[in-house]
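Survey of secondary and tertiary structure
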Amino acid sequence: MNQQNKPAQYIQGWTEFYKLKFNLSPDVLIPRPETEILVDEVLNIAYTPNPPRAIRIIDVGTGSGVIAISIAKNLPQARILALDISSKALVQAEENAKLNKVENKIFFLESDLFSNLAFHPKGVKLNPDIIVANLPYIPTWKISKLENSVKDFEPILALDGGHDGFDVYRKMFEQMNEKNFFPKYLLCEIDEDQGKLALAEVNRYLPKSKAEIKKDLAKKDRILVIKF
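Read on for a plain summary of the structure. (Residues numbered from 1 in each chain as written. Predicted model: local features only at pLDDT ≥ 70, side-chain atom pairs only at ≥ 80, totals over all residues. Heavy atoms only, no water.)

Moving on, we come to the overall build of the chain. Helix and strand content of the chain: eight helices and nine strands. For the chain, the spread of C-alpha atoms along the principal axes amounts to about 50 × 40 × 35 Å. Burial analysis of the chain (228 residues in total) assigns 51% to the buried set. By element, 52% of the accessible surface of the chain is carried by carbon and sulfur atoms, the whole surface being about 11,500 Å². (Helix = DSSP H or I, 4+ residues; strand = E, 2+ residues; numbered from the N terminus. Buried < 20%, exposed > 50% of the residue type's maximum accessible area, 1.4 Å probe, protein only. Areas by Shrake-Rupley, 256 points an atom, 1.4 Å probe, with all protein chains shown as cover.)

Once that is clear, we can look at the sheet that holds strand E9 (residues 221-227). If you walk across this open sheet you meet the seven strands as E5-E4-E3-E6-E7-E9-E8, and the pairing is mixed. Only two strands of the sheet have a single partner each, and these edge strands are strand E5 (106-110) and strand E8 (210-215). On average, adjacent strands in this sheet sit at an angle of 20 degrees to one another, irrespective of strand direction. Pairing analysis gives four bridges linking strand E6 (residues 130-133) to strand E7 (residues 185-189), with the strands arranged parallel. Within the sheet, the bridge partner assigned to Ile131 lies in E7 and is Leu186. Packed onto the sheet, helix H7 (residues 167-178) meets strand E3 (55-60), E6, E7 and E9 and runs at close to 165 degrees relative to E7. The strands touched by helix H8 (residues 195-205) within the sheet are E8 and E9, with E8 carrying the most contacts at an inclination of about 165 degrees. (Pairing = 2+ DSSP bridges. Axes fitted to C-alpha atoms, helices over the stretch in contact; angles between N-to-C directions. Contact = heavy atoms within 4.5 Å.)

The next thing to look at is the pairing of E6. Two faces, one strand: in a regular strand the side chains alternate between the faces of the sheet. Neither face of E6 is exposed, since Ile130 and Val132 on one face and Ile131 and Ala133 on the opposite face are all buried. Both E3 and E6 contribute to a ladder of four bridges, which runs parallel. Among the inter-strand pairings, Asp59 is bridged to a residue of E6, identified as Val132.

End to end, H7 covers 16 Å across 12 residues, agreeing with the expected 16 Å (1.5 Å per residue, within 8%). Of the positions making up H7, those classed as buried are Val168, Tyr169, Arg170, Met172, Phe173, Gln175 and Met176. Against E3, E6, E7, H8 and E9 lie the buried residues of H7. Asn180 sits one or two positions beyond H7 and adopts a positive phi of about 50 degrees. (Expected span 1.5 Å × (residues − 1).)

Before going further, it helps to examine unusual backbone geometry. Even without glycine at this site, Tyr18 takes up a positive phi of about 55 degrees. By the element assignment, Tyr18 lies in the loop between strand E1 (14-17) and strand E2 (20-23). Notably, Lys101 is not glycine yet its phi reads approximately 60 degrees, a positive angle. Following the sequence through the fold, Lys101 ends up in the loop between helix H4 (87-99) and E5.

Inspection of the entire model under this criterion finds seven aromatic pairs. On the basis of an interplanar angle of 70 degrees and a centroid distance of 6.3 Å, the ring pair of Phe17 and Phe22 is categorised as edge-to-face. By relative accessible area, Phe17 is classed as buried at 1%. With a relative accessible area of 0%, Phe22 lands in the buried category. Pairing Phe114 with Phe181 gives two aromatic rings, centres 5.1 Å apart and planes at 70 degrees, and the pair type is edge-to-face. With Phe114 in the loop between E5 and E6 and Phe181 in the loop between H7 and E7, this pair connects stretches of sequence that are 67 residues apart. You'll find Phe114 and Phe181 in the same group, each marked buried. Members of the aromatic cluster, each reached through a chain of ring pairs, are Phe166, Tyr169, Phe173 and Tyr205. Sitting over the ring of Trp14, Lys21 keeps its end group 5.2 Å from the ring centre. (Phe/Tyr/Trp six-rings, centres within 6.5 Å; stacked < 30°, edge-to-face > 60°. Lys NZ or Arg CZ within 6 Å of the ring centre and 35° of its normal.)

Here we come to the side chain of Asp191. With respect to the secondary-structure elements, Asp191 resides in the loop between E7 and H8. In this structure, Asp191 is buried with no salt-bridge partner, the nearest side chain bearing the opposite charge being Lys142 at 4.1 Å. If we ignore the near neighbours within four places in the chain, the residues touching Asp191 are Tyr137, Ile138, Lys142, Asp221 and Arg222. (Lys, Arg positive; Asp, Glu negative; His and termini not counted. Salt bridge = Lys/Arg side-chain N within 4 Å of Asp/Glu carboxyl O.)

Okay, here's the thing in C-alpha cells:
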C-alpha cells in the first residue's frame, strides 16, 4: 500500500461537511459533497409545508455521523436515531456529535440495518417521520477499479454494495417489509448508474410507495426519494 496515496482527510484527521468540522479516521468513509444533497432533501421535507414540529429521523449507516449531525444542527426539533453495523464507526460518530454539540439530540446504536431495533407488534408506535440512508452502493466488481486513495484506505465495508451495488438496499427493504416498519419518507443516496434499478427495486419491494430520483449538481442520478 502506497502511503503517498493516503487521503489528506485521514492524514489531517478531520474534514468539513455541510460547513461543519468532523474528525475522521480510516474506520469511516470520507464524506462526499454529493451527500450534502441528501441532507438538503431531508431538511426540505422536514420544513415543508409547515414550521417543523418534533420530528423523528433514523439515519441508517451513519458512519462518521455527518448526515445525522448536519440534520441535528439545522433542524432543532429533530430527534435522531443513528445506526451502524461498525462499532468503530459509532465511536467516531459519537465523538463528532460531541464536537458539534448535538450529542443530546442523537442516540447511536450498533445494528445491521434495523436488526437490533425493538418493534411494536403492529409496527405503529416506532415508525419515524423520515429514514435517511447512505449505504454501500458500489458494485463488488468495481471496487478494484476505484482510485488507490479509495480502495486502499477507505473501509470496504462502507463501499461494497454487492454484485450490482444494490444488495444492502434490498436487505433494508426486506427488513422494512418483515417488520412492517415504514416511515413517511425514505431517502437514499445511490450511484449515478442506479436510477432505473432503484426505481425497479422500489416497485418490487415497496409497491405501495411512490418513488422519484433527484439529480446532483452534475445532473447525475443521486438521491432516491420514496414516499409512503
